[in-house]
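# A look at the structure
Residue-level listing of the chains:
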Amino acid sequence: RESWYVTGENRWVRGETPKAAATRSALAADGTLSSDLAISGSASYRVDPADPVPFLGEKTASVPSSFMGAREDDRDRPRPDERLLWRSAPKEKTETWLGPVRWNLDVATSGTDGDVVVKILDEDEKGVRRLVRWDVMRLRYRDSFERPTAMTPGRSERVRFETPDVAHAFLP
């Protein structure tokens, strides 16, 4: 017997894992999350590997419990110009995500390696963004963790990975 705690609604779901329909979306170049999978375009940002953006907002050897507890507002993260952000339209009804989230990203870099950090955030009506789930993909491991492969500078490559299970209700 399984139990899921659904954040957003702050409730437990007990019993069999609920059946969920897969939803496909595309990340549009204008920063929107789109149901149109045929969109094209690109978005980019510049980073300095010699001066990386602290992922947690501070230099630390461990992840603070406040970060994992989603009590912090993601808007406070440093240097927002060194990341990309996509938003969906406001929800008209509650949308619950259960299970893993699969990502297919076309990524190009001027180097031979890098990290892709994906965060799923829930933004409330005041603009406060709370963490739902996150994961990191080191690009050299995009094809295999056993055989790392360098990226070819300037060439776009498909990067596929999956975040751990999500159990969250996005409220209207």
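Scroll up to find the structure this text is about.
Described in the following lines is the structure provided in the data block. Every chain's residues receive numbers from 1 upward, in the order its sequence appears when written. At least 70 in pLDDT is required for a residue's local features to be given in this predicted model, at least 80 for side-chain atom pairs to be given and counted, and no such filter applies to totals for whole chains, interfaces and linings, which use all residues. Based on all heavy atoms of the structure, the side-chain values leave hydrogens and waters out of the count.

### Section: the pattern of salt bridges
- A side-chain nitrogen of Lys or Arg and a carboxyl oxygen of Asp or Glu constitute a salt bridge if their distance falls within 4 Å. Tallied over the entire structure, the rule returns nine salt bridges.
- A salt bridge links Arg87 to Glu123, with the nearest nitrogen and oxygen atoms 2.7 Å apart. One end of the pair, Arg87, is in the loop between helix H1 (65–68) and strand E5 (95–107); the other, Glu123, is in strand E6 (residues 115–123), and 36 residues separate them in sequence.
- Each residue is assigned to one of three classes by its accessible area relative to the maximum for its type, calculated with a 1.4 Å probe on protein chains only: buried under 20%, partly exposed between the two thresholds, exposed over 50%. On the basis of relative accessibility, which here comes to 38%, the residue Arg87 falls in the partly exposed class.
- Because the salt bridges share partners, they merge into one network encompassing Arg142, Arg155 and Glu157. Helix and strand definitions here come from DSSP, where helices need a minimum of 4 consecutive H or I residues and strands a minimum of 2 consecutive E residues; each element is numbered from the N-terminal end.

### Examining a nonpolar patch on the surface
- Each patch is assembled from residues with relative accessible area greater than 30% and no salt bridge, linking like charges that lie within 9 Å and nonpolar side chains (Val, Leu, Ile, Met, Phe, Trp, Tyr) that lie within 5 Å. Residue burial considers only the protein chains on display, and all accessible areas are found by Shrake-Rupley using a 1.4 Å probe. On the surface, a cluster of nonpolar side chains totalling about 260 Å² of accessible area is made up of Tyr45, Val47 and Leu84.
- With respect to the helices, strands and loops of the structure, Val47 is situated in the loop between strand E4 (33–34) and H1.

### A closer look at the nonpolar core
- Residues belong to a common nonpolar core when they are buried Ala, Val, Leu, Ile, Met, Phe, Trp, Tyr or Cys residues joined through side-chain atoms within 4.5 Å. Membership of the largest hydrophobic core comes to 15 residues, with the highest contact counts inside it found for Trp103, Leu105, Val107, Val116, Ile120 and Phe161.
- Counting only elements with at least two residues in this core, the list comes to E5, E6, strand E7 (129–138) and strand E8 (157–170).
- For this analysis, residues touch if any pair of their heavy atoms sits within 4.5 Å. The residues touching Ile120, leaving out its near neighbours within four places in the chain, are Trp97, Val101, Trp103, Arg130, Leu131, Val132, Arg133, Thr163, Val166 and Phe170.
- Core analysis: the second largest hydrophobic core is formed by five residues, Trp4, Val6, Val13 and Ala169 among them.

### Side note on the pairing of E6
- Here E6 shows a clear split, with Val116, Val118, Ile120 and Asp122 buried on one side and none of Asp115, Val117, Lys119, Leu121 and Glu123 buried on the other.
- Any two strands with at least two DSSP bridges between them are considered paired. Both E6 and E7 contribute to a ladder of nine bridges, which runs antiparallel. When the sheet's bridge partners are listed, Val116 is paired in E7 with Met137.
- Between E6 and E7, which pair antiparallel one after the other, the connecting turn spans five residues, and Gly127 there sits at a positive phi close to 90°.

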